[in-house]
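A closer look at the structure
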Amino acid sequence: MARNDKRRHHDDPSPDPHNKRKRSTFASHLDVPNLPPTIKTLCEIIANTPSPTVEDVLDKTLIRVSQETVEQVLRFSYSHPGPAVKFFRWSAYQLNDKHSPYAWNLVVDLLGKNCLFDAMWDAIKSMKKENVLSLATFASVFSSYVVADRVKDSITTFDVMEQYGCKHDVFALNSLLSAICRDGKTIDAWQFLRVVDGRIKPDNDTYAILLEGWEKERDVANAKKTFGEMVIEVGWDPDNVPAYDSYLITLLKGRDGIYETVNSLKRMMERGCNPGMTFFKLAFEECLKGQNLRGAEFIWGAMVGRIGFRPDTNMYNMMISLYCYSNETGAAMKLLDEMVYNGAFPDIQTYNILFEFLVKGRKLWEASGLFNEMVKNEHVLNHENCRAAVRVYMDSDDPYVAIKFWKYMIENHCSDLSETGNLLVAGLCDMHMLPEAVKYAKGMAEKGIQVTPFALSKLKQILIKARKEAVYEELLKKCKAH
């Protein structure tokens, strides 16, 4: 594809109008701020100049290019294959036909992703002459055909790649299978693996690729078959973590979910193999969705006790939530105490979920201690928990703690305060704590928080009984003024 090559019909590639596959959204130089001026200028010429005149416009710029410049410009020119190829040929003249292998691969990829397969193969033939072909080139071709719904052509490419000096080995096979599985066609990849059985021996990566494909497609049945084949072909290998992750995650999404996953995890660990953190994070999410505490406990024990992974704050939060939903706040508090020793620190979610269930379970002494720790660590108790705390402490005849939470609430939240404030005032009236009831009703009025007719009627009744009508009139005036 040198500048002086004889012009052929594919020298001015343009997308095939008959290709019905939806084109990808390609990266553009417009998406990248602060591009070097030279790169930006060249990209704009390619984007805005018809193919027949690109080279003339480029000549007039007097820009000198390097191999790196060509690579960057091509990366942002996928949406304009015709002008991009003209730029590539024009720059070859400056570089004495010494393009980098990466630039050649970009041209092949650019043409393939635009379904310009004739031009793509001509570029590959030129690369062969230049001795710059590699597996990366064919990986791009595999991907382009698969994305265009032409899996058979990607397989044909695999079959002929040896003619271009690239070996039929497991690396090439995995590259093809990866391209097919990424596009949601794992069944085609699995079937092709059987075709090459005996010619190319699969490795750990082969099965990890297939199992990741089944994971994305949520195909439990075929994942089981593939996993069984893997054990026969390559055995149990502690280093094959990606395959174990994908397999167990697929089981998680199946009908038997956690139950089947736990049994498979047991079997795996018995053979000295373990999944990675990717699986464990998703496993706890699934346990939380299904509120499956016992399954989560086994998985936690495997992760922390047997494998020695250190959970992060999010994982602790999920486990603490599960204990709380099962009314086992004691176990949840124990996890809270363990967190720091494992390098994880409680966050606002940790404290709020624990506080919520301590209050619901009327473990008010523990709730108060947790609240003090939370404030000390500069985390904010959420609105719902503040409201629940005021209500529960008032119900438990502990008005001074309820007042403490009300003060905290109005300092840290600025909306939906009326219901809680009126609950406090009415409760103080019922407890015959008249000075406190008046004080906090006045405070509400001064802050523009509505004192309800129900709370006012209670105040009126108790103030009249105490012969303090003037106090009531003053309070009423404040309420009306605000």
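No experiment lies behind these values; they were computed from the predicted model shown.

Scoring rules and cut-offs
Residues numbered from 1 in each chain as written. Predicted model: local features only at pLDDT ≥ 70, side-chain atom pairs only at ≥ 80, totals over all residues. Heavy atoms only, no water. Core = buried A, V, L, I, M, F, W, Y, C linked by side-chain atoms within 4.5 Å. Buried < 20%, exposed > 50% of the residue type's maximum accessible area, 1.4 Å probe, protein only. Contact = heavy atoms within 4.5 Å. Salt bridge = Lys/Arg side-chain N within 4 Å of Asp/Glu carboxyl O. Helix = DSSP H or I, 4+ residues; strand = E, 2+ residues; numbered from the N terminus. Phe/Tyr/Trp six-rings, centres within 6.5 Å; stacked < 30°, edge-to-face > 60°. Lys NZ or Arg CZ within 6 Å of the ring centre and 35° of its normal. Axes fitted to C-alpha atoms, helices over the stretch in contact; angles between N-to-C directions. Parallel < 35°, antiparallel > 145°, perpendicular 65-115°, else oblique. Left-handed = near helix turned anticlockwise from the far one by under 90°. Nonpolar A, V, L, I, M, F, W, Y, C, P; charged D, E, K, R; others polar.

Residues Phe158 and Phe284 are the most contacted members of the largest nonpolar core, which totals 163 residues. Once residues within four sequence positions are removed from consideration, Phe158 is found in contact with Phe142, His168, Ala172, Leu173, Leu176, Phe192, Val196 and Ile200.

Time to look at the pattern of salt bridges. For the structure on display, the rule yields 19 salt bridges. A salt bridge links Glu233 to Lys201, with the nearest nitrogen and oxygen atoms 4.0 Å apart. Of the two residues, Glu233 is situated in helix α12 (residues 220-234) and Lys201 in the loop between α10 (186-195) and α11 (204-217); the sequence distance between them amounts to 32 residues. Given a relative accessible area of 58%, Lys201 falls into the exposed group.

Before going further, it helps to spend a moment on the side chain of Asp109. Looking at the element boundaries, Asp109 is found in helix α5 (residues 101-113). Setting aside chain neighbours within four positions, we find Asp109 in contact with Tyr78, Ser140 and Ser144.

Here we take up the packing of aromatic side chains. Tallied over the full model, the rule gives 23 aromatic pairs. Ring centres 5.1 Å apart and planes at 70 degrees place the aromatic pair Trp300 and Tyr316 in the edge-to-face group. Remark: Tyr316 occurs in helix α17 (residues 313-325) and Trp300 occurs in helix α16 (residues 293-307); sequence separation between them is 16 residues. Tyr316 carries the same exposure label as Trp300, and that label is buried. Three or more aromatic residues joined by ring pairs make a cluster, and in this case those are Phe355, Phe371, Tyr393, Phe405 and Tyr408. Seen from the ring of Tyr164, Lys128 lies directly overhead, with NZ or CZ sitting 5.4 Å from the centre. We note Lys360 situated over the ring of Phe357; from NZ or CZ to the ring centre the distance is 4.8 Å.

Helix α23 (residues 418-430) packs onto helix α21 (residues 383-395) with a crossing angle of 10 degrees between their chain directions and a minimal axis gap of 10 Å. Taken together, the axes of α21 and α23 are roughly parallel relative to one another. The handedness of the crossing between α21 and α23 is left-handed. Contacts from Arg387, Val390, Arg391 and Met394 of α21 reach α23 at Glu419, Thr420, Leu423, Leu424, Gly427 and Leu428. Partitioned by chemical class, the residues of the contact of α21 with α23 number five nonpolar, two polar and three charged.

Here the focus is the packing of α17 against helix α19 (residues 348-360). Two elements in contact, α17 and α19, have axes separated by 9 Å at closest approach and are oriented at 5 degrees. One finds that α17 runs roughly parallel with respect to α19. Contacts between α17 and α19 involve Thr313, Asn317, Ile320, Ser321, Cys324 and Tyr325 from the former and Gln349, Thr350, Ile353, Leu354 and Phe357 from the latter. Taken together, the residues of the contact of α17 with α19 sort by class into six nonpolar, five polar and no charged.

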